[in-house]
Every structure is written in structure tokens, then in C-alpha cells.
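# Observations on chain architecture
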Amino acid sequence: MTQILVQSLSGLASAASLFLVAAGLTVIFGVTRIVNFAHGSLYMLGAYIAYSLVTWLPRGHFPFWGGVLAAALAVGLIGVVVEVLVLRRIYKAPELFQLLATFGVVLVVQDVALAVWGAQDLLGPRAPGLRGAVDVMGERFPLYDLVLIAIGGAILLLLWLLFQRSRFGVLVRAATADREMLGALGVNQRRLFTGVFFLGSALAGLAGALQLPRESVNLHMDMAIISEAFVVVVVGGLGSLPGAALAALLIGQMQAFGIVLFPRITLVLVFLVMAVVLVLRPYGLMGRANAAAIVLPPEPPLRALSPKGRAVALAALLLAIALPPFLGDYALVVLSELAIAVLFAASLHFIMGPGGMASFGHAAYFGAGAYAAALLVKHFAAPMELGLLAAPFAAGLLGLVFGWFCVRLSGVYAAMLTLAFAQIAWSTAFQWVEVTGGDNGILGVWPSAWAVPKLAYAYLSLALCLGGALLLRRAIFAPLGYAMRAQRDSPLRAEAIGIDAFRVRWLAFAIAAGFAGLAGAVFAFGKGSVFPTAMAIPRSVDALLMVLLGGVQTVMGPLIGALAYTGLHEQLLRVTQFWRAALGAIIIGLVLFFPRGLAGMGPRA
Amino acid sequence: MSLLRVEGLHKSFGGVKAVQGVSLAVAAGELLALIGPNGAGKSTCFNMLNGQIRPDAGRVTLAGQDITGLAPRAIWRLGVGRTFQITATFASLSVLENVQMALLSHQRRLMRLWAPLSAEDPTPALALLERLGMAEQAARPCGVLAYGDLKRVELAIALANNPRLLLMDEPTAGMAPAERVALMALTARIARESGIAVLFTEHDMDVVFTHADRLLVLDRGRMLAEGSPEDVRANPAVREVYLGHEGRH
Ligand SMILES: Nc1ncnc2c1ncn2[C@@H]1O[C@H](COP(=O)(O)OP(=O)(O)OP(=O)(O)O)[C@@H](O)[C@H]1O
Ligand SMILES: [Mg+2]
């Protein structure tokens, strides 16, 4: 009995910090309709800045809490800078571009934090006077966690008062409910948006700063908290403050009891809850459907390659076939990675371009293919050929299962659900140590003897990946590809001529997953090993970047995007230690200045 | 024997009683015009007939089969073509491809992955477009067409599955007056030749009185009058609430 009480108290303590982070995220979304990936980075900055202030200031109550508060305000200002420099310019861009731009900010902040605070974990001082534990019916409970619960409650109350009683709060609520009306009322939107960003960022900063006495400050805080904050916000309903509070309570308790009851699947559990909620209530517990998504102007009809284009493509293909014998081992490995990137990008483009679906978790299927192949090799001593054959089916099957849920949603909600499923896949690979080896991965995934020489493997990669990409291209020009574009262009008309949009999207999703899985298997045998990073968020972002770099609206886009991105990545790694920041800046620039991608830069209007 | 039979349809949106007790019947080869001022509930009726909206109460039967509450795509498969008040076509597909989509769907050949669409014989789609005077524009993307032309493409799409019933919500809105008369004349001819039942709305009274066999007048969700053009024209209640507004269009 007491144990349950203590567990639920510690659940409340996690709920309090989750709520602080999620409240900022949800208020920012409600008003600006931007899902801010960088919200976790602001949280991390709050912790780092608080660390610097609190260790620099003398010890004592006032310096500690003053430092925490100052860190929150500083982060609020940083949020304003980000809003003014980046986000203000993309309020009208499609959601996926906004997500990507804010992910660019994540990368920049990571390297800034690395440069300023270094890579080692920093352990801050405990809160003065709150070091001990209190006695809760015979069990000991950290005093600081009680304070945290109180602060969470107090902030909830303050926010509620702010939104109910102040003019600012009324405007925020009005903007959340109906943005067009707000414009009509002649409100200064810019100032409102900036104000909301300040508030939301300061809340994230406060949450980060308050973690100082609880855990060490490190460079992984941003990603850890943002996935949880996404879950809370999506479960609560994007834009809903009460929803965020409710979901934070729910998730906090789930984590507290999950650790006791299902210690093996703590990570999976959270995302599972999110998936279930989104399936039952597509707009979260307390959210509402918002206005239609912003879409790009229609793309031109599909055309087969012109004779000139055909000649160029043929020449490139011949070059790819003729060149390898003259390349060194390193270049052959790069060539094979290029081919993998092309197929991975083409498979994501298949659902994003013609399918008009958003996926922020395509790495799940890449990783599923890689793990399927590796597991066959490791546990069943299967030869490479069998692994390569089984991988697309395994990944396609996973695509069928996850896709059944995901393809019903669109826009931000689809992006969030695909992300959640990818995180489920990642957590499984990470936590199911006996089977997957966890963080240590699976080693010894080598090709069959004939494919061991780098030259042979480069040819094998080229054949499988370019072949796969060509098959996808074929499907785009076939009736199914047209049906995909039809349901994307006008769901109303598609339904009215008997097209079952769900089935079309579902099939497309599974096909894309299958080909991503093939890319993953080729990747696994190329590296000789698989790690959970094969299905982590950055890999999903890689795919998105390649597709957006090449341009969503062109069939050749993923090819060009994959080549450009992989080349860029190689170069950045070579020239600077801060390649993340450079990449982040490039992503932001891309979204701001070339939203149609490189292939879309041609003469077409 | 009526092809389409509708009994006691009701639909409310929150507090708005959009449709309150509409009953009607259309026979094969007959053109029934559903008219009424803005917001009378005409589009809502269409949406309930083709399954886009589920009625709160009432029954829709097609050739004796109850189709109330079926999905639009199921109703389409039973031979009901539809055009929309605000045109809905596939903007990134060419005019020809738009019609081919409907044809392929009708033949249940849409989920194919191998042979390209361009290898498909264009003759049937071109023939439909020819009938509506759109064959010259077959290669243009629907996204760049003039509004009147889009309305024609929609009709070609709606005719692709040899429908028994056509539901046309303001088929001539946005067209020049001469075009309107021509399009409705063509529709009427096709309907009579192929024995298609047509239910349409229209704000242009010339078009209505020239082509409709019968009229049904809606006002604020209720049926106000029904009958031949002459009867309706003479009906004092109709003159009061509806024809009094005629200048507005
Ligand atoms: N999805 C909806 N949600 C809420 N109210 C609706 C919805 N659709 C229609 N209405 C309301 O129902 C009433 C009937 O609308 P409907 O579109 O059927 O009229 P209409 O006769 O087609 O008008 P118009 O000539 O302008 O096309 C209107 O008051 C409209 O505002
Ligand atoms: Mg209408």
C-alpha cells in the first residue's frame, strides 16, 4: 500500500516536470501551429545555464532559486531569438518543413552546448535545504521531489490564471481556437507569437533548470525529453493546456508504475499509450481537429523522361557500372552507401510525394530490414542471400502493422504517430538485450564469401538498391501510383469514383517500408553489424532531408537528394568537428530558401 | 417505377436543421431539379444521397436496394455518378488521366503496380471527353483549367462508370450563360439517350425551366413545393420565398 503511494508520488514528480515542458510546447503549437522539435533543446539549455549560474553564484537559497529563475528567463530570450530568426518566416510552410527547420535548430544547439559546456556529464549541486528525504508512512521520499510537485501545481495554477484573466491569455485562447478570426480582430500577431514563444521557451528552460538537483546535465537531454514531451502533448491533444496536464499525469504515473511492473518495456510502454490514444481519439484526449493543412501548389503531371533525360540517365547508369573496378576500397564503400541512401530516400519519397503522407519515422523500416537480416544470420546462421531476401518482407510486414494505424492520419498527427512507432521499434531494439544485443548491437553480420570483396559488394549494393529504386519508379507510373496521387489531390473525388484511399495508402506504406527494409539489409551486411541507431530519429531525419533536398514533387528528387545529402554529409564530417551545427544551418537555410528542393529549382514555375 | 427513392431525410449540424423531411423520387431518363435559396439544404441532400453524410433519419433506395449509410465508393459502384458544387478533380493529373482513373477504378484495375498507365488504351477516355468537348484539352493538367472546363471534366468522370443516376450539384456554376444552356442540353440528351436519372441543382432559372421535367423547391431544409415547371412557377408560396430572390444571382 505504502509502496503504491510512494510510486504515485514519484509519478507525480515526473508529471510535474513533464507538464512544464509539455505546457510550453502545446501553447506554442496552439498559437503558431508549429511543432517545435527544438523544445527539448531549450530544456537542455535551461539545465546547462542553470548549472553555470548556480555553480558560479555563492551557495544559498536565494542564489539557487535566483539562478534557476534567471536560467528560465534566459532560455525564454533564446526562444525569442529562434522565433525571430527562423520560425517567423515559416509559419505558412507545410508542417514537415517546420518540423525539419526546428530539427535544424536542435542540431545547432547540440553543437553550441558541446562547444560551451563540453561532452562530459555535469553534476550540479543539490538544492539547499532540500537534500534529504521525508517520511511517507514509513517509506522515504526525496524532499526535492515534493517541492517539484508543488511547483508543477503552482505553475498550472498560474498559467490557468494567466489564460483566464489577462488580455494576453484571452488572445492566446482566441488564436488557439481560430487564427483567422484573430487577424480580423486587428491583433498584432507578430507580437503575440513572439510573446508565446517567450512564455513557452521559458517554461522549457525552467523545467530543465529544475532538473539540476535530480540528474546530471548532458548532451542527450534534448532528445530524451522531446520524445516524452511529444507523447504528452499529442496524447493530451495538440494545443490543449488542460490536455497537457492530464496527459502529463497519465504518463508520469505510467512511468512510475511501469518501472515496477514492466521494467523491460518502460520505453515501449509510453509510445504504446500514445499509439493507442491516437487510434481511439485521433486528436488526443482533449484536442480538436484544426484547420486544413497547408499544401504545396499541385505538381505537374507525370511525364516519362525526355530522350535527352533518358540519355543522361543511361550514361549515369553505365558510369556507375563501369567505374567501380577503378575505385579504391574507401570509394567503393562510399559508392555502396550512396546506393543505399538512394533506395532509402526513394522509398520515403514514394509515400511522401505521390502518396501525400507524412512520415517522421521511416528509420523504423530501414532498421527492421537491417535487424531482420542480422537476426537471421546471428540466431539461425542464415546466409546473406536469405537475409537480403527476408529483410524486405519483414520490414514490409512491420509497415503493414504500423501503417494500418498511421495512414488514417495526416499532417502533424501522422508525423507524430509515425515517430511514435519508430520509437517503439527503436526502444525494442534497445531494451530487448537478449535478442538484439541492446546498445551493443549485433556483430558479425558479414556477406557471403563471394560478396566479401569490396568491389563485389559495391556491385551487389548497386544492383539491389538501384533495382529497388527503379521498381518504385515503375509503381509510380503504374495505376497504383496514379491512385496514390489521386487520393492525395482530392480525397473527395477519389472516394466518389470508388477509390479506397485507405487501402491505397496502406499498400503504398507497406511497399515503401519493404524497400526501406531492403536498403537496411544491404546497409547491415555492408557494415557487418547493426545497432539501434539504424532506427533512431536522426536516421529518419536523414531520409526526410534527402527527400526534401531533392524536392518532394519530382520523381528524380530522391536520387538527386540522396546523392547531394550523402556527399554533403561526408564533406562536413571531413572539414569540421561541428558538422552538426553546419548541417543544422543548412537544413534551416534549405527550408527557408528552397522549399521545393534542388530538383524543384528548375525553370518550372 | 422510380430508380431513386428518398423518404423523410433529416440532417442537423449542431443547432442548424439543414434538411428536415425531404422525400423525392426520380425515374430513369428523368431530370429532377432541386432548387432553393442559398443554405436551403440542397448540397446536404446530395451529400446524403451519395453517402458522404449519414442522414439522422430517412431512407435512400436505389432500384429497390437500400443504400442509406453506405460509403460513397460503394454507392458509386452501384452506378451513381456525382459532380460537386466546388469542383473536385485531381489537379496534378492530366484531363485524360482524370477520366482514366474513373475508368480503371470501374474495372477494378487500379491497384496494379507493373504496366504504366501510359500504356493504357486512351480511346474510351477520349471518347468521353469528346462527348463533352474536352478532347483537345486531354493532355492539360486539371490544375490549370478554366472553371467551366473543370465542370465538364467532372461530368466526364461522373459518366465513366455508365451511371444509372447522376447527382449534379450546380453543374454550370461559374460558366458563361451560353455555355450553361449548352452543357445542360447535352446532359439532358445523354440522360434521355441512356436512360439515366438526373438530380441537379441550379441557380440559373432559365436552365432549370428549360431542362427539368420536374422541380422540387427547398427552403430552410423543408420541402416547399414539388411538381412540373408550370405548377411550381405558379405556386404563390414559391414566388414568395424563392422567386422573389431571383435577382440575386
Ligand atoms: N458540414 C456542415 N457543418 C455545419 N453546418 C453545415 C454543414 N454543411 C452545411 N451546413 C449548413 O446547413 C445548411 C444547408 O447547407 P447546404 O450547403 O446544404 O445549402 P445549399 O442549399 O447547398 O446552399 P448553396 O446554394 O449556397 O449551395 C446551411 O445553413 C449550412 O450552413
Ligand atoms: Mg450547395
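Residues numbered from 1 in each chain as written. Chains lettered and ligands numbered in written order. Predicted model: local features only at pLDDT ≥ 70, side-chain atom pairs only at ≥ 80, totals over all residues. Heavy atoms only, no water.

### A word on the overall build of chain A
Scanning chain A for helices and strands turns up 24 helices and four strands. Against the globule reference of 25 Å for 605 residues, chain A gives a C-alpha radius of gyration of 25 Å, in line with a compact fold. A separation of at least 24 residues holds for 82% of the contacts in chain A among residues at least 6 apart in sequence. A total of about 24,400 Å² of accessible surface is found on chain A, and carbon and sulfur atoms cover 71% of it. Each charge sign in chain A was given a centre, from 37 positive and 23 negative side chains, and these centres are 9 Å apart. (Helix = DSSP H or I, 4+ residues; strand = E, 2+ residues; numbered from the N terminus. Rg over C-alpha atoms; globule rule 2.2 N^0.38 Å. Contact = heavy atoms within 4.5 Å. Areas by Shrake-Rupley, 256 points an atom, 1.4 Å probe, with all protein chains shown as cover. Lys, Arg positive; Asp, Glu negative; His and termini not counted. Charge placed at Lys NZ, Arg CZ, Asp CG, Glu CD.)

### Here we look at the pattern of salt bridges
Per the counting criterion, the structure on display carries 23 salt bridges over all chains. With a closest N to O distance of 3.1 Å, Arg 214 of chain A and Asp 145 of chain A form a salt bridge. In this pair, Arg 214 of chain A is assigned in the loop between α8 (189-210) and α9 (221-236) and Asp 145 of chain A in helix α5 (residues 143-165), connecting sequence segments 69 residues apart. A salt bridge links Arg 180 of chain B to Asp 204 of chain B; the nearest nitrogen and oxygen atoms lie 3.2 Å apart. Taken together, the residues Arg 180 of chain B in helix α6 (residues 177-194) and Asp 204 of chain B in the loop between β8 (197-201) and α7 (205-211) connect sequence positions 24 residues apart. Accessibility expressed as a relative area gives 12% for Arg 180 of chain B, which makes it buried. (Salt bridge = Lys/Arg side-chain N within 4 Å of Asp/Glu carboxyl O. Buried < 20%, exposed > 50% of the residue type's maximum accessible area, 1.4 Å probe, protein only.)

### Brief notes about the sheet that holds strand β5 (residues 65-66) of chain B
Residue and element names in this part refer to chain B. What the four strands build is an open sheet, ordered β2-β1-β4-β5; its pairing is antiparallel. Looking at which strands have only one partner, the edges of the open sheet turn out to be β2 (16-27) and β5. Of the strand pairs in this sheet, strand β1 (residues 2-13) and strand β4 (residues 57-62) are connected by five bridges, and their pairing is antiparallel. Paired with Arg 5 across the strands is Thr 61, a residue of β4. (Pairing = 2+ DSSP bridges.)

### Quick word on the interface of chain B and chain A
Residue-level contacts link 34 residues of chain B with 33 residues of chain A. Linking chain B to chain A there are three salt bridges. Note that Glu 154 of chain B is salt-bridged to Arg 493 of chain A, the shortest N-O span being 2.6 Å. Where chain B meets chain A, there are 17 residue pairs in polar contact (both at pLDDT 80 or more). Taken together, the elements giving at least two residues each to the side of chain B that touches chain A come down to α2 (72-77), β6 (80-83), α3 (95-106) and α5 (147-159) of chain B. When residues of the side of chain B that touches chain A are assigned to their parent elements, the largest contribution, five residues, is made by α3 of chain B. Considering only residue class, the side of chain B that touches chain A consists of 21 nonpolar, six polar and seven charged. (Polar contact = N/O pair within 3.5 Å; in protein donor to acceptor, adjacent residues only side chain to side chain. Nonpolar A, V, L, I, M, F, W, Y, C, P; charged D, E, K, R; others polar.)

### Focus on the site of ligand 1
Residue and element names in this part refer to chain B. The environment of ligand 1 is formed by 14 residues, the closest being Asn 38, Gly 39, Lys 42, Ser 43 and Thr 44. Within the side chain of Lys 42, an N or O atom sits 2.8 Å from an oxygen atom of ligand 1. Relative to its free-state accessible area of 630 Å², ligand 1 is covered by the protein chains to the extent of 62%. Counting residues per element, the shell around ligand 1 draws most heavily on helix α1 (residues 42-49), which supplies three residues. (Near = heavy atom within 4 Å.)

### Observations concerning the coordination of the magnesium ion (ligand 2)
Protein coordination at the magnesium ion (ligand 2): the donors are Ser 43 of chain B (OG) and Gln 85 of chain B (OE1), at 1.9 to 2.1 Å from the metal. Here Gln 85 of chain B lies in the loop between β6 and α3 and Ser 43 of chain B lies in helix α1, a separation of 42 residues in the sequence. (Donors = N, O, S within 2.8 Å, 3.2 Å for Na, K, Ca; no water.)

### Focus on unusual backbone geometry
Even without being a glycine, Arg 33 of chain A presents a positive backbone phi close to 65°. On the secondary structure map, Arg 33 of chain A appears in the loop between α1 (2-32) and α2 (39-56). Positive phi, normally seen in glycine, also occurs at Asn 162 of chain B, with a value near 45°. Positionally, Asn 162 of chain B belongs in the loop between α5 and β7 (165-169).

### Comments concerning the side chain of Ser 359 of chain A
All names here are of chain A. As for its placement among the helices and strands, Ser 359 is situated in the loop between α13 (329-352) and α14 (363-380). Exposure remark for Ser 359: the relative accessible area of 1% places this residue in the buried category. Separated by 3.4 Å, the side chain of Ser 359 and the backbone nitrogen of His 362 make a polar contact. Aside from chain neighbours lying at most four places away, what touches Ser 359 is Leu 348, Ile 351, Thr 418 and Leu 544.

### As for the packing of aromatic side chains
Counted according to the given criterion, the structure contains 16 aromatic pairs over all chains. Measuring from ring centre to ring centre gives 4.9 Å for Phe 64 of chain A and Trp 65 of chain A, while their planes differ by 90°; the resulting arrangement is edge-to-face. Ring plane angle 70° and centroid distance 6.3 Å describe the contact between Tyr 365 of chain A and Phe 402 of chain A, whose orientation is recorded as edge-to-face. Linking Tyr 365 of chain A in helix α14 with Phe 402 of chain A in helix α15 (residues 384-406), this pair joins segments that are 37 residues apart in sequence. Aromatic rings pair up to connect Tyr 365, Phe 402, Trp 404, Phe 405, Phe 421 and Phe 509 of chain A into one cluster. Between the NZ or CZ atom of Arg 539 of chain A and the centre of the ring of Phe 523 of chain A, over which it lies, the distance is 4.7 Å. If you follow Arg 233 of chain B out to its NZ or CZ, it ends over the ring of Phe 209 of chain B, 4.0 Å from the centre. (Phe/Tyr/Trp six-rings, centres within 6.5 Å; stacked < 30°, edge-to-face > 60°. Lys NZ or Arg CZ within 6 Å of the ring centre and 35° of its normal.)

### Description of the confidence of the model for chain B
Residue-level pLDDT values for chain B average 92, and 97% of them are 70 or greater. Per-element confidence in chain B ranges from a low mean pLDDT of 80 for helix α9 (residues 236-241) of chain B to a high of 97 for α3 of chain B. (pLDDT = per-residue confidence, 0-100.)

### Points about the domain arrangement of chain B
Residue and element names in this part refer to chain B. What the domain assignment reports for chain B is domain 1 (1-79 + 164-249) and domain 2 (89-162). The gap between the C-alpha centroids of domain 1 and domain 2 is 26 Å. Contact residues are listed per partner, giving 20 residues for domain 1 and 15 residues for domain 2. Summed over the three residues of domain 1 that lose the most area to domain 2, namely Trp 76, Arg 77 and Ile 190, the buried surface amounts to 37% of that side. Connecting domain 1 to domain 2 are one salt bridge. In this structure, Arg 152 and Glu 179 form a salt bridge, with 2.7 Å as the shortest nitrogen-oxygen distance. Remark: the boundary between domain 1 and domain 2 carries four residue pairs in polar contact (both at pLDDT 80 or more). Among the secondary structure elements, those contributing two or more residues to the side of domain 1 that touches domain 2 are α2, β7 and α6. (Domains from an automatic or database assignment. Buried area = accessible area lost by both parts, 1.4 Å probe.)

### Brief notes about the packing of helix α3 (residues 61-85) of chain A against α8 of chain A
Geometry of a packed helix pair, given as the angle between the helix axes and the separation of the axes. Residue and element names in this part refer to chain A. Viewed as axis vectors pointing N to C, α3 and α8 meet at an angle of 140°, and their least axial separation amounts to 7 Å. The angle between α3 and α8 falls in the class oblique. Like other packed secondary-structure pairs, α3 and α8 cross with a definite hand, here right-handed. Counting all contacts with α3, which are made through Trp 65, Val 68, Ala 71, Ala 72, Leu 73, Val 75, Gly 76, Leu 77, Gly 79, Val 80 and Glu 83, the residues of α8 involved are Phe 193, Thr 194, Phe 197, Phe 198, Ser 201, Ala 202, Gly 205, Leu 206, Ala 209 and Leu 210. (Axes fitted to C-alpha atoms, helices over the stretch in contact; angles between N-to-C directions. Parallel < 35°, antiparallel > 145°, perpendicular 65-115°, else oblique. Left-handed = near helix turned anticlockwise from the far one by under 90°.)

### Things to note about the pairing of strand β9 (residues 214-219) of chain B
All names here are of chain B. When you tally the buried positions in β9, you get five out of six residues, the bulk of the element. Relative to β9, strand β3 (residues 31-35) runs parallel, the two sharing four bridges. Across the sheet, Leu 34 pairs through a bridge with Leu 216, a residue of β9.

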